Amino acid sequence: MSGRGDGAGEPGRERAGEGRAPEPSGVDLARVALRAAKEQARARGAAAQQKKQARRGGGLRSGARADGRDPLPLGSAINRLITERGWETPAAVGGVMGRWPQIVGEDLAKHCVPLKYDEDPDERVLTVQCDSTAWATQLRLLAPQLVARLNADLGQGTVRLIKVLGPGGPQRRFGPLRAPGSTGPGDTYG
């Protein structure tokens, strides 16, 4: 006999409980995200190279078959432009700002408005302003659930933090005495 009947030399049969794949850790998730970003950049580079060749007269030639210069429906042309320029995330976040009442609910949307999105990969912060401190406090308590809902809609890691601003204070006026209708010290000089 060859001595292989005990299973010692066969891979995968050494221990019974080790058949499962380990949960991906933060480093593994970062590698996956980096690989996806590299593939997107490679695709954008290939599209840019085709455009450059078309401008020089090389590569694409007109003929009976469809090529990249044929007219496109407006929606397809816009999607192509967004992909070529790398505007997928800002466009998706802009769509969220348009659908804000459906995402957060009508009550919260009446009192809290998204102002801006910082798309810097280190930041990815959505800034929201509320019309009262009570609603700002409520939104701060709901922020983790809202971030999870936004990331489920937009893609994991698109929004990392929601920065909540309270209501703006009254406009600062300089000096204790003011004349009614005055616009400040500049209105007397000209």
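Structure: above.
Residues numbered from 1 in each chain as written. Predicted model: local features only at pLDDT ≥ 70, side-chain atom pairs only at ≥ 80, totals over all residues. Heavy atoms only, no water.

Colleague: Give me the overall build of the chain: which residues, what numbers.
Modeller: Looking only at helices and strands, the chain features six helices and three strands. Helices (α) and strands (β) of the chain occur, in sequence order from the N terminus, as α-α-α-α-α-β-β-α-β. In the chain, 53% of the contacts between residues at least 6 apart in sequence involve partners at least 24 apart. (Helix = DSSP H or I, 4+ residues; strand = E, 2+ residues; numbered from the N terminus. Contact = heavy atoms within 4.5 Å.)

Colleague: How would you sum up the pairing of strand β2 (residues 125–130)? Please name residues and give values.
Modeller: In terms of burial, β2 is a largely internal element, five of the six residues being buried. In this structure, strand β1 (residues 112–118) lies alongside β2, joined through six bridges in antiparallel fashion. Looking at the pairing, proline 114 lines up with valine 128 of β2. Bridging between β2 and strand β3 (residues 161–165) involves five bridges; their strand directions are parallel. In the strand pairing of β3, valine 125 is matched with leucine 161. (Buried < 20%, exposed > 50% of the residue type's maximum accessible area, 1.4 Å probe, protein only. Pairing = 2+ DSSP bridges.)

Colleague: Lay out the environment of alanine 91 in plain terms, naming residues and giving numbers.
Modeller: Along the chain, the position of alanine 91 falls in helix α3 (residues 88–98). Between the C-alpha atoms of alanine 91 and asparagine 79, which are twelve residues apart in sequence, the distance is 10.0 Å.

Colleague: Give me helix α6 (residues 133–154): which residues, what numbers.
Modeller: Helix geometry: α6 is bent most strongly at alanine 143, by close to 55°, with proline proline 144 lying one to four residues after it. Along α6, the positions that sit buried rather than exposed are Ala136, Leu139, Ala143, Leu146, Val147, Leu150, Asn151 and Leu154. Among the structural elements, α3, α4 (100–104), α5 (106–111), β1, β2 and β3 are those in contact with the buried residues of α6. Downstream of α6 by a residue or two, glycine 155 has a phi angle that is positive, lying close to 120°. (Bend = angle between axes of the 7 residues up to and from the residue.)

Colleague: Talk me through the nonpolar core; I want residue IDs and the actual numbers.
Modeller: Judged by nonpolar contacts, the single largest core of 22 residues is most densely connected at Leu139, Leu146, Leu150, Val159 and Ile162. For this core, the secondary-structure elements that each account for two or more residues are α3, α4, α5, β1, β2, α6 and β3. Per-element tally for this core: the top contributor is α6, with seven residues. In contact with valine 159, not counting residues within four places along its chain, are Tyr117, Arg124, Leu126, Val147, Leu150, Asn151 and Leu154. (Core = buried A, V, L, I, M, F, W, Y, C linked by side-chain atoms within 4.5 Å.)

Colleague: Break down the pattern of salt bridges for me, with residues and values.
Modeller: In this structure the tally under the stated criterion is one salt bridge. A salt bridge links glutamate 84 to arginine 80, with the shortest nitrogen-to-oxygen separation between them at 3.3 Å. With glutamate 84 and arginine 80 both in helix α2 (residues 74–85), this residue pair falls four residues apart, about one helical turn. The partly exposed category is assigned to glutamate 84, whose relative accessible area is 25%. (Salt bridge = Lys/Arg side-chain N within 4 Å of Asp/Glu carboxyl O.)

Colleague: Give a description of the sheet that holds β3 that names residues and reports values.
Modeller: Each strand in a sheet pairs with its neighbour through backbone hydrogen bonds, running either in the same direction (parallel) or in the opposite one (antiparallel). A sheet is described by the order of its strands in space; here three strands give the open sequence β1-β2-β3, paired in mixed fashion. What marks the edges here is a single partner per strand, and that holds for β1 and β3. Here the strands of the sheet are splayed against their neighbours by 25° on average, with no regard to which way each runs. Sitting on the sheet, α3 is in contact with β1 and β2, with an inclination near 175° to β1. Lying over the sheet, α6 contacts β1, β2 and β3, oriented at roughly 160° with respect to β3. (Axes fitted to C-alpha atoms, helices over the stretch in contact; angles between N-to-C directions.)

Colleague: Quick rundown of the packing of α3 against α6? Include the residues and the values.
Modeller: In the contact formed by α3 and α6, the axes pass within 11 Å of each other and the chain directions differ by 125°. With respect to α6, the axis of α3 lies oblique. Seen from above, α3 lies across α6 with right-handed handedness. Facing α3, whose interface residues are Ala92, Val93 and Val96, α6 presents Leu150, Asp153 and Leu154. Here the residues of the contact of α3 with α6 are counted per class, giving five nonpolar, no polar and one charged. (Parallel < 35°, antiparallel > 145°, perpendicular 65-115°, else oblique. Left-handed = near helix turned anticlockwise from the far one by under 90°. Nonpolar A, V, L, I, M, F, W, Y, C, P; charged D, E, K, R; others polar.)

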